[in-house]
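# Secondary and tertiary structure notes
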Amino acid sequence: MTPFFLSQVLVAVAICFDLMSFQFKDRRKIVTCLFFAGTLISSHFILLEQWTAASLMVIATIRYLVSVFSTSPKLKYLFCTASVISTVVTYSGLASVISCFASIFQSIAAFNKDDRRLREFMIVGTALWLIHNYVVGSPTAVLMEVLFIFSNLIGYYRYYYKSSVAV
């Protein structure tokens, strides 16, 4: 099995966690699923030798685990700073910049107490990861991000739009 094929398999499994994540309303359950997905996605980027994305996903995985227990704004700034430092150290061009911005938006999301705002910031971050994954040539990761956005939008509709129309 080639590293590329294995990387695509890991992302396919991560898709399951991503799709589950935004079908929960509880932000702790959301970020717990994202923790498991992040572990698989970081391994995927390591196999593709995309070091900025790999390091940012390792940071993201730790960020999601920490954000299960705390939404402290100080931690948000710590993880945003870690993302920028990691990007500078592993910089390899446009893909590095895109993934850094994606990581920053998702750091803001992870430490947001309001699951509605978490979803909104995650959509922006996910859209940036989608662009990144296209740039680095990972078709399954592109599919994952598209499905992640749709899952997020479905959850958003179920919890916010549908309930506000019914009222």
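Above this note sits the structure.
Below you will find a few notes about this structure. Please read all numbers here as calculations on a predicted model, not as lab measurements.

### Some details on the pattern of salt bridges
Going through the model one piece at a time under the given rule, you end up with three salt bridges. A salt bridge links Glu120 to Arg116, with the shortest nitrogen-to-oxygen separation between them at 4.0 Å. One end of the pair is Glu120 and the other is Arg116, both in helix H6 (residues 115–136) and four residues apart, which spans about a single turn. Here Arg117 makes a salt bridge to Glu120, at a shortest N to O gap of 2.6 Å. Placement of the pair is Arg117 and Glu120 together in helix H6, with a separation of three residues, close to one helical turn. A relative accessible area of 28% places Glu120 in the partly exposed class. Via salt bridges that share partners, Arg116, Arg117 and Glu120 belong to a single interconnected network.

### Notes on a nonpolar patch on the surface
Together, Met1, Phe5, Leu6, Val9 and Val13 give the surface a local cluster of nonpolar side chains, amounting to about 470 Å² of exposed area. You can see Val9 is positioned in helix H1 (residues 3–21). With relative accessibility at 33%, the residue Val9 sits in the partly exposed group.

### A few points about the environment of Trp51
By secondary structure assignment, the location of Trp51 is in helix H3 (residues 51–69). Apart from residues lying up to four places away in sequence, Trp51 is in contact with Ile46 and Thr90.

### A word on unusual backbone geometry
Positive phi is not limited to glycine here, since Glu49 has a value of about 60 degrees. Here Glu49 shows up in the loop between helix H2 (27–47) and H3.

### Observations regarding the packing of H2 against H6
Where H2 meets H6, the closest approach of the two axes is 13 Å, and the angle between their N-to-C directions is 10 degrees. Taken together, the axis directions place H2 and H6 in an arrangement best described as roughly parallel. Where H2 crosses over H6, the two elements pack in a sense that is left-handed. Where H2 abuts H6, its residues Arg27, Ile30, Val31, Leu34 and Phe45 lie against Asp115, Leu118, Arg119, Met122, Trp129, His132, Asn133 and Val136.

### A closer look at the environment of Ser70
Looking at the secondary structure, you find Ser70 in the loop between H3 and helix H4 (73–90). Spatially, the C-alpha atom of Ser70 lies 22 Å from that of Phe101, the residues being 31 residues apart in sequence. The contacts of Ser70, once residues within four sequence positions are left out, are Leu75 and Phe111. Here the side chain of Ser70 touches Ser72 through a polar contact of 3.1 Å, landing on its backbone nitrogen.

### Here's the deal with the packing of aromatic side chains
Considering all chains together, one arrives at six aromatic pairs under this definition. Summarising the aromatic geometry, the rings of Tyr156 and Tyr160 are spaced 5.3 Å apart at their centres and angled 50 degrees between planes, so their arrangement reads as tilted. Of this pair, Tyr156 and Tyr160 both sit in helix H7 (residues 139–166), four residues apart, which is roughly one turn of that helix. We note that Tyr156, like Tyr160, is buried. Each residue in the set Phe17, Phe35 and Phe36 is aromatic and connected to the rest through ring pairs, giving one cluster. One residue, Arg63, lies across the ring of Tyr64, its end atom 4.6 Å from the ring centre.

Basis of the calculations
- Residues numbered from 1 in each chain as written.
- Predicted model: local features only at pLDDT ≥ 70, side-chain atom pairs only at ≥ 80, totals over all residues.
- Heavy atoms only, no water.
- Salt bridge = Lys/Arg side-chain N within 4 Å of Asp/Glu carboxyl O.
- Helix = DSSP H or I, 4+ residues; strand = E, 2+ residues; numbered from the N terminus.
- Buried < 20%, exposed > 50% of the residue type's maximum accessible area, 1.4 Å probe, protein only.
- Patch = residues over 30% accessible without salt bridge, like charges linked within 9 Å, V, L, I, M, F, W, Y side chains within 5 Å.
- Areas by Shrake-Rupley, 256 points an atom, 1.4 Å probe, with all protein chains shown as cover.
- Contact = heavy atoms within 4.5 Å.
- Axes fitted to C-alpha atoms, helices over the stretch in contact; angles between N-to-C directions.
- Parallel < 35°, antiparallel > 145°, perpendicular 65-115°, else oblique.
- Left-handed = near helix turned anticlockwise from the far one by under 90°.
- Polar contact = N/O pair within 3.5 Å; in protein donor to acceptor, adjacent residues only side chain to side chain.
- Phe/Tyr/Trp six-rings, centres within 6.5 Å; stacked < 30°, edge-to-face > 60°.
- Lys NZ or Arg CZ within 6 Å of the ring centre and 35° of its normal.

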